[in-house]
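# Examining the three-dimensional arrangement
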Amino acid sequence: MNSEKTDWASVLGQTARKPFFWGIVAIVVLLGINLVKDPSFLAISYNANTGYLSGNVLDILRAAAPIMLIAVGMTLVVATAGIDLSVGSVMVASGAVAMQFLAGVNTPGSAGAALGAVLLALAVGAAMGLLSGVLVAYVGLQPFITTLVMMMAGRGLAKVITGGNNTKASNDAFSWIANGRVLGFPVVFVIAVVVVVLVALVIRWTALGMMIEAIGINANAARMAGIKPRGLLVTVYTVSGLLAAGAGMMSVASVMTVDVSQTGNGLEMDAILALVVGGTSLAGGKFHIGGSVVGALMITTLDKTVKFLGIASSATPAFKAAVIIILCLLQSERVRNLLLRRRRDKSTVAAPIAVATPKESVTA
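Not measured: the values here are computed from a predicted model.

Looking now at the packing of helix 4 (residues 87-104) against helix 6 (residues 143-162). In the contact formed by helix 4 and helix 6, the axes pass within 7 Å of each other and the chain directions differ by 15°. Classified by the angle between their axes, helix 4 and helix 6 sit roughly parallel to one another. Of the two possible hands of crossing, helix 4 and helix 6 adopt the one that is left-handed. Within the contact between the two elements, helix 4 uses Gly88, Ser89, Val92, Ala93, Ala96, Val97 and Gln100 and helix 6 uses Met150, Met151, Gly154, Arg155, Leu157, Ala158, Ile161 and Thr162. Here the residues of the contact of helix 4 with helix 6 sort into nine nonpolar, five polar and one charged.

As structure tokens, then:
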């Protein structure tokens, strides 16, 4: 019996050290809070007007899709000891190109126009990521400075493309990317899952992931081992730009409008938080794509919970910060060791008292 308890305790302890564990716990707790307020929170119903399934869970999955994409791209960049602050601006620039193209093309409602808008948006995202990668790898600029400049340049580019105005367009095929369903699931979520799985397979089934980690741990040692960091740096920043462009299309396709001030605004912070929640170190090196996906789902669930509970918008950032700080503390190995040490100290102090009591009763 004691052996079984020890085994379960060992398994639980090992599971708690997994990077995604506390993110999943946070999702379960947040869903539980919503269920307390409304027992039907997780219910999925059929909408006769649209012909689609609807529910809060599907809303969370749909909202999580763009964050999943930019979080995975950010994870690869951070693994090289870099950072990409430009993902939000890449989103709005890519979205602006797509909307402007659809608004100006001769056949705005055709599938060909939608395909052209997608390719143009991806090209813009890849170009911006490529430029960031070249500046970091070949010019030697700091990733923070480089992507900060690209962040400002991307939103400025979107304003130049649209003339500073919100641009609307109409195209059913393009709108389907964000509003359609596949087997009951939102298309955006299905696309995000497929992309994440493909990236994870390429990263983990080839030596690419190991080389990215090697650059993040020690770039000089990696170079001496025969790894060429420059090409890999350009690759990860380009991939991050591509994924951000995909996220930008998802964002504008939901309303078929690009808002040059709000589209992608602040989402670089959500991407960074997602990978931190998922267990990837901002110092570079070892990374966890699956953990970043869990982090993206946790952040989206948190956003949904904040709205569902009716928390004032002014207090929303503080509420989110408090939850994420608690989660990071629970993930910290140092904090867990400190709590375990205090627990052991209390047990050590309590033990002599329990032994001394029967000795006194025998003497009496």
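Next comes the rest of the write-up.
Between helix 4 and helix 11 (residues 229-255), the shortest axis-to-axis distance is 7 Å and the interhelical angle comes to 55°. Comparing their axes, helix 11 and helix 4 come out oblique. For the element pair helix 4 and helix 11, the recorded crossing hand is right-handed. Here helix 4 contributes Val87, Val90, Met91, Ser94, Gly95 and Met99 to the contact with helix 11, which in turn contributes Ser240, Gly241, Ala244, Ala245, Ala247, Gly248, Ser251 and Val252. Each residue belonging to the contact of helix 4 with helix 11 can be placed in one class, and the counts come to eight nonpolar, six polar and no charged.

Size it by volume and the largest pocket reaches roughly 960 Å³. Looking at the lining of the largest pocket, the elements with two or more residues in it are helix 3 (56-79), helix 7 (172-179), helix 11, helix 12 (267-277), helix 13 (289-308) and helix 14 (316-331). With six residues, the top contributor of residues to the lining of the largest pocket is helix 3. In the lining of the largest pocket, the residues fall into 13 nonpolar, ten polar and seven charged.

So, how was this worked out
- Counting starts from 1 at the beginning of each chain's written sequence and moves along it residue by residue.
- A pLDDT threshold of at least 70 governs which residues receive local features in this predicted model, and a stricter bar of 80 or more applies before side-chain atom pairs are shown or counted, although totals over entire chains, interfaces and linings include all residues.
- As a convention, hydrogens and water are excluded, and side-chain values are obtained from all of the structure's heavy atoms.
- Angles here are taken between N-to-C directions and fall from 0 to 180 degrees, while the axes themselves are lines fitted to C-alpha atoms, restricted in helices to the stretch in contact.
- Think of it this way: any DSSP run of H or I at least four residues long counts as a helix, any run of E at least two long counts as a strand, and we number them from the N terminus.
- Here the angle decides the label: under 35 degrees means roughly parallel, over 145 means roughly antiparallel, 65 to 115 means roughly perpendicular, and every other value means oblique.
- Left-handed describes a crossing in which the near helix is turned anticlockwise from the far one by less than a right angle; the clockwise case is right-handed.
- Contact between two residues is taken to exist if any of their heavy atoms lie within 4.5 Å; hydrogens are not considered.
- Any residue outside Ala, Val, Leu, Ile, Met, Phe, Trp, Tyr, Cys, Pro, Asp, Glu, Lys and Arg is labelled polar, Gly included; the first ten of those are nonpolar and the last four are charged.
- Only protein atoms enter the 1 Å grid used here, on which a cavity is any set of points holding a 1.4 Å probe that cannot leave and a pocket is any open set flanked by protein within 12 Å on both sides along at least five of seven lines; residues with an atom within 4 Å of a point are listed as lining.
- Grid points are joined across faces, edges and corners, and a volume is the space filled by probe spheres set on the points.

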